[in-house]
Amino acid sequence: MLYQSFSGDAGVGEASFRAKDSTLRNDSDGPMFFVTNTQAVASLQNVALVQSGDVLVKVAAGRWGKAGANGGDFTMTAKDQTLTGQVLADSISSVALDLGEGAVYEGAFNADNTAQRAAITLAQTAHWSLTADAYVSSISDEATGYANIASNGHNIYYDQDAATALGGRTYSLPGGGKLLPRN
């Protein structure tokens with residue numbers, strides 16, 4: 001959990017977490033990473049993530065901070081890393097997933113379409129396998145023709161105002177899905 005309680009136990013700023021060549025274990029059904037009432041970043045490289053639940057990241061209001069202004073803003077960077085599970089954010093929270101070289105992600109990214117902002121970036125050698133439709137504010141992919149995205153028949157819906165480089169067009173994805181603007 002990355003959060004700001006405002007109880008005097010921590011200064012205001014950005015929470016950060018970094019792990020490399022290690023194992024993180026979560027034996028609860030809760031998310032592997034929960035961010036609330038703060039801005040936070042996490043960096044993972046070659047970390048074994050062992051968890052009971054199916055939520056990788058949840059960014060949402062919690063019991064800390066002022067109601068309506070206590071969401072989170074979270075950026076996760078992964079390199080040479082396997083990630084599995086849902087990435088969730090509520091309407092007052094933002095999430096960004098930066099899949100660097102050698103990163104593999106299998107999961108549902110903002111599938112409930114509730115995040116205030118949800119961005120995903122893929123390096124050329126990164127890979128994303130969708131398990132549900134995804135809703136993004138923006139998407140950036142170094143691979144030509146989105147060749148590193150296995151849609152598995154699911155679609156990625158993007159925000160035309162935030163992802164202006166996509167020009168409001170629809171793109172075919174490997175596996176039968178599409179990258180298309182949200183209405």
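The structure presented is a predicted model; accordingly, all values stated were derived computationally and were not measured.

Trainee: Is there a simple way to explain the pattern of salt bridges in this structure?
Mentor: Taken as a whole and assessed by the stated rule, the structure comprises 1 salt bridge. One salt bridge in this structure joins Arg117 and Asp73, with 3.7 Å as the shortest N-O distance. On the criterion of sequence distance, the pair formed by Arg117 in strand β11 (residues 117-122) and Asp73 in strand β6 (residues 73-79) is long-range, its members being 44 residues apart. A relative accessible area of 32% means that Arg117 is categorised as partly exposed.

Trainee: What should I look at first to understand the sheet that holds strand β7 (residues 82-84) in this one?
Mentor: Strand pairing in a sheet relies on backbone hydrogen bonds, with the paired strands running either antiparallel or parallel. Strand order across the open sheet formed by 4 strands is β7-β10-β12-β15, with parallel pairing between neighbours. Across the chains shown, the open sheet's two edge strands, defined by having one partner strand only, are β7 and β15 (149-150). Relative to β15, strand β12 (residues 127-130) is paired through 2 bridges, and the arrangement is parallel. Across the sheet, Trp128 pairs through a bridge with Ile149, a residue of β15.

Trainee: Help me understand the nonpolar core, please; the structure alone is not making it clear to me.
Mentor: Across soluble globular proteins, nonpolar side chains have a tendency to be buried as a group. Phe74, Leu99, Phe109, Trp128 and Ile156 are the most contacted members of the largest nonpolar core, which totals 45 residues. Among the elements that take part in this core, strand β4 (residues 39-51) stands out by supplying 4 residues, more than any other. Non-local contacts of Ile156, meaning those with residues more than four positions away in its chain, are made with Trp128, Leu130, Ala134, Val136, Ile139, Ile149, Leu173, Lys178, Leu179 and Leu180.

Parameters at a glance
Residues numbered from 1 in each chain as written. Predicted model: local features only at pLDDT ≥ 70, side-chain atom pairs only at ≥ 80, totals over all residues. Heavy atoms only, no water. Salt bridge = Lys/Arg side-chain N within 4 Å of Asp/Glu carboxyl O. Helix = DSSP H or I, 4+ residues; strand = E, 2+ residues; numbered from the N terminus. Buried < 20%, exposed > 50% of the residue type's maximum accessible area, 1.4 Å probe, protein only. Pairing = 2+ DSSP bridges. Core = buried A, V, L, I, M, F, W, Y, C linked by side-chain atoms within 4.5 Å. Contact = heavy atoms within 4.5 Å.

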